[in-house]
Amino acid sequence: RRGVRTDRHTLILNRMPGQEKSVVLYDRKVDPYQLENVAEEQPEVVERLIQEELKPWLERTGDPWE
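Being a predicted model, the structure only gives us computed values, none of them experimental. (Residues numbered from 1 in each chain as written. Predicted model: local features only at pLDDT ≥ 70, side-chain atom pairs only at ≥ 80, totals over all residues. Heavy atoms only, no water.)

### What to know about the packing of aromatic side chains
Next up, step 1: All told, the structure shown has zero aromatic pairs when counted by the stated rule.
Next up, step 2: Over the aromatic face of Trp 65 sits the side chain of Arg 15, whose NZ or CZ is 4.0 Å from the ring centroid. (Phe/Tyr/Trp six-rings, centres within 6.5 Å; stacked < 30°, edge-to-face > 60°. Lys NZ or Arg CZ within 6 Å of the ring centre and 35° of its normal.)

Shown next as structure tokens:
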């Protein structure tokens with residue numbers, strides 16, 4: 001699992017051998033208890049967080065997860 005958290009969102013990517021990658025996105029302003037996964041309703045937010053937050057963090061830390 002890898003993820004990032006911003007002031008607005010929590011994004012979690014989960015990869016398990018033999019399973020599809022799962023994506024969880026919470027909008028912390030609307031759902032502060034993080035109960036509703038809105039990843040399917042907000043794919044543009046998922047992609048932006050992956051490109052602008054998660055990938056740079058993985059590169060900076062030398063994490064080979066990608």
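### Some words on unusual backbone geometry
Next up, step 1: With a phi angle near 50 degrees, Gln 34 is a residue other than glycine that sits in the positive phi range.
Next up, step 2: If you trace the backbone, Gln 34 turns up in the loop between β3 (22-27) and α1 (43-61). (Helix = DSSP H or I, 4+ residues; strand = E, 2+ residues; numbered from the N terminus.)

### Comments concerning the environment of Pro 56
Next up, step 1: As for its position among the elements, Pro 56 is in helix α1.
Next up, step 2: What makes Pro 56 partly exposed here is its relative accessible area of 25%.
Next up, step 3: In sequence terms Pro 56 and Tyr 26 are 30 residues apart; their C-alpha atoms lie 20 Å from each other.
Next up, step 4: Leaving out residues up to four positions away in the same chain, Pro 56 has contacts with Ile 50 and Gln 51. (Buried < 20%, exposed > 50% of the residue type's maximum accessible area, 1.4 Å probe, protein only. Contact = heavy atoms within 4.5 Å.)

### Describing the pattern of salt bridges
Next up, step 1: Under the criterion given, the structure shown has two salt bridges.
Next up, step 2: Its salt-bridge partner being Arg 2, residue Asp 63 comes within 2.8 Å of it at the nearest N-O pair. With Asp 63 in the segment after α1 and Arg 2 in strand β1 (residues 2-5), this pair connects stretches of sequence that are 61 residues apart.
Next up, step 3: By relative accessible area, which is 17% here, Asp 63 ends up buried.
Next up, step 4: A residue is classified by how much of its surface remains accessible, and Arg 2, at 24% relative accessible area, is partly exposed.
Next up, step 5: Residue Asp 27 pairs with Arg 8 through a salt bridge whose shortest N-O separation is 2.8 Å. Within this pair, whereas Asp 27 is found in strand β3, its partner Arg 8 is found in the loop between β1 and β2 (9-14), the two being separated by 19 residues in sequence.
Next up, step 6: A relative accessible area of 35% places Arg 8 in the partly exposed class. (Salt bridge = Lys/Arg side-chain N within 4 Å of Asp/Glu carboxyl O.)

### Remarks on the side chain of Asn 14
Next up, step 1: For Asn 14, the location among the structural elements is in strand β2.
Next up, step 2: Looking at Asn 14, the relative accessible area reads 17%, which means it is buried.

### Considering α1
Next up, step 1: Under the 1.5 Å per step criterion, the end-to-end length of α1 is 25 Å for 19 residues, consistent within 8% with the ideal 27 Å.
Next up, step 2: Where α1 bends most, at Ile 50, the angle is about 40 degrees.
Next up, step 3: Taken as a whole, α1 has its buried residues at Val 45, Val 46, Leu 49, Ile 50, Leu 54 and Leu 58.
Next up, step 4: In this structure, the buried side of α1 is in contact with β1, β2 and β3. (Expected span 1.5 Å × (residues − 1). Bend = angle between axes of the 7 residues up to and from the residue.)

Geometry only, nothing functional implied.
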